[in-house]
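# Inside the fold
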Amino acid sequence: MIHISMETGLILAGILFSLGLLGVLVRRNVIFVLMSIEIMLNAAGLAFVVAGARWGQADGQVMFIFILTMAAAEVSVGLALILQIYHHFKTLDSDAASKMKG
Amino acid sequence: MDITFYIAAAVAILSTIMVITRLNAVHALLYLIVSLLAVAVIFYVLGAPFIAALEVIIYAGAIMVLFIFVVMMLNLGDKSVQQEKQWLSAGAWVGPAILSLILLGEFLYVMLAGSGQPVEGVVVSPQKVGVSLFSTYLLGVELSAMLLLAGIIGAYHLGRRKKPVYHRFLQEEGGK
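Below: a short report on this structure. (Residues numbered from 1 in each chain as written. Chains lettered and ligands numbered in written order. Predicted model: local features only at pLDDT ≥ 70, side-chain atom pairs only at ≥ 80, totals over all residues. Heavy atoms only, no water.)

A common measure of how large an interface is: the accessible area buried when the components associate. Residue-level contacts link 68 residues of chain A with 82 residues of chain B. Both faces combined, the contact of chain A with chain B buries some 7100 Å², and carbon together with sulfur accounts for 77% of it. Connecting chain A to chain B are 1 salt bridge. Residue Arg27 of chain A pairs with Glu84 of chain B through a salt bridge whose shortest N-O separation is 2.5 Å. Across the chain A-chain B interface, the total number found is 10 residue pairs in polar contact (both at pLDDT 80 or more). Of all elements in the fold, only strand E1 (4-5), helix H1 (6-26), helix H2 (30-55) and helix H3 (59-89) of chain A reach the threshold of two or more residues within the side of chain A that touches chain B. With 24 residues, H3 of chain A is the single largest residue contributor to the side of chain A that touches chain B. In terms of residue class, the side of chain A that touches chain B is built from 44 nonpolar, 17 polar and 7 charged. (Contact = heavy atoms within 4.5 Å. Buried area = accessible area lost by both parts, 1.4 Å probe. Salt bridge = Lys/Arg side-chain N within 4 Å of Asp/Glu carboxyl O. Polar contact = N/O pair within 3.5 Å; in protein donor to acceptor, adjacent residues only side chain to side chain. Helix = DSSP H or I, 4+ residues; strand = E, 2+ residues; numbered from the N terminus. Nonpolar A, V, L, I, M, F, W, Y, C, P; charged D, E, K, R; others polar.)

All names here are of chain A. Its 26 residues give H2 an end-to-end C-alpha distance of 39 Å, which sits within 8% of 38 Å, the value for a rise of 1.5 Å per residue. Summarising burial for H2: 19 of the 26 residues are buried, a large majority. The N-capping residue of H2, defined by a side-chain oxygen 3.2 Å from the backbone nitrogen of Ile31, is Asn29. Gly56 sits one or two positions beyond H2 and adopts a positive phi of about 65 degrees. (Expected span 1.5 Å × (residues − 1). Buried < 20%, exposed > 50% of the residue type's maximum accessible area, 1.4 Å probe, protein only.)

This brings us to the pattern of salt bridges. Residues and elements named next belong to chain A. Scanning the entire structure with this criterion turns up 3 salt bridges over all chains. Ionic pairing is found between Asp95 and Arg28, a salt bridge with its closest N-O pair at 3.2 Å. Taken together, the residues Asp95 in the segment after H3 and Arg28 in the loop between H1 and H2 connect sequence positions 67 residues apart. Among the ionic contacts, a cluster of salt bridges with common partners joins Arg28, Asp93 and Asp95.

We now examine empty space enclosed by the protein. Under the defined criterion, the tally for this structure stands at 2 cavities of 30 Å³ or more. Of the voids in this model, the largest cavity is the one considered here, and its volume is about 40 Å³. For the largest cavity, the full set of lining residues is Val49, Gly52, Ala53, Gln57, Gly60 and Gln61 of chain A together with Leu46, Gly47, Ala48, Val122 and Val124 of chain B. Contributing elements (two or more residues each) for the lining of the largest cavity: H2 and H3 of chain A. A per-element tally of the lining of the largest cavity places H2 of chain A first, with 3 residues. Secondary structure elements with two or more residues in the lining of the second largest cavity: H2 of chain A together with helix H2 (25-45) of chain B. Among the residues forming the lining of the second largest cavity, the class breakdown is 5 nonpolar, 3 polar and no charged. (1 Å grid on protein atoms, 1.4 Å probe; cavity = no way out; pocket = protein on both sides within 12 Å on 5 of 7 lines; lining within 4 Å. Points joined across faces, edges and corners; volume = space filled by probe spheres on them.)

In terms of backbone geometry, most residues other than glycine have negative phi values and most peptide bonds are trans. Unlike most non-glycine residues, Lys90 of chain A shows phi in positive territory, near 60 degrees. On the basis of relative accessible area, Lys90 of chain A is assigned to the exposed category, the value being 62%.

Here we take up the packing of aromatic side chains. Applying the stated criterion across every chain yields a total of 3 aromatic pairs over all chains. On the basis of an interplanar angle of 75 degrees and a centroid distance of 5.1 Å, the ring pair of Phe64 of chain A and Phe43 of chain B is categorised as edge-to-face. Linking Phe64 of chain A in helix H3 with Phe43 of chain B in helix H2, this pair reaches from one chain into another. Take Phe64 of chain A and Phe43 of chain B: they sit in the same class, and that class is buried. Ring centres of Phe5 of chain B and Tyr6 of chain B lie 5.5 Å apart, and the angle between their planes is 85 degrees; this geometry places the pair in the edge-to-face category. In this structure, Arg27 of chain A packs its charged tip against the face of Phe32 of chain A, placed 3.8 Å from the ring centre. The side chain of Arg54 of chain A reaches across the aromatic face of Trp55 of chain A, ending 4.9 Å from its centre. (Phe/Tyr/Trp six-rings, centres within 6.5 Å; stacked < 30°, edge-to-face > 60°. Lys NZ or Arg CZ within 6 Å of the ring centre and 35° of its normal.)

Here is the structure:
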């Protein structure tokens, strides 16, 4: 069907992952940080699927399903935390919540 | 079919760049949906149609809808766009961009030195994925069930709006 090398797919996953990492490092808004974490998780899943497609086995896709499950759980808890932060501090600045007790 | 992969990859990278540079949260979310759909096309081309469907339904559907609902509940307006503009100065980009470019460069160096193993794009049927999921990885399925339960309980506990509790005498004094 297609004739790309496995490295091409893994390089795409690496580019997407480092873009997500850049987003986590640069943004101060908590929503954007959570979105960048989603990008990184998706890139990791892409790497699994590419590696699974190399050998024509189902294991990579199974791992992607697990990553999907984890991302769903993580997003629901993270968004609930964001709502609590917004009600508490009236801002989405991640620096506002830098103290442990306050 | 090769060209499909490269076009989808370019769309995914461009829209991801747009996600991390937008000031408005809703615009960034829409670009993120485009990026996820492009990755779904890549999954389909790589011979994983089941995973492509899951990506569209769960990632671009359910998770992004959750994000959009939260952004709607927060009711962010022009004020937050102005604040974002203030936070995202050019100086804020330099350090993180250099560091992640170094990491990406190392990764590219390792990958380009590889032997160029071909991906044939053989379609792995959903049946094969399901059999593998419920036989070899059954323990993982049970663990992810526990994870989802913990996620539900955690989201409910954190998302609950706590009522202000006063002592009843203090509340009476406040009422007077």
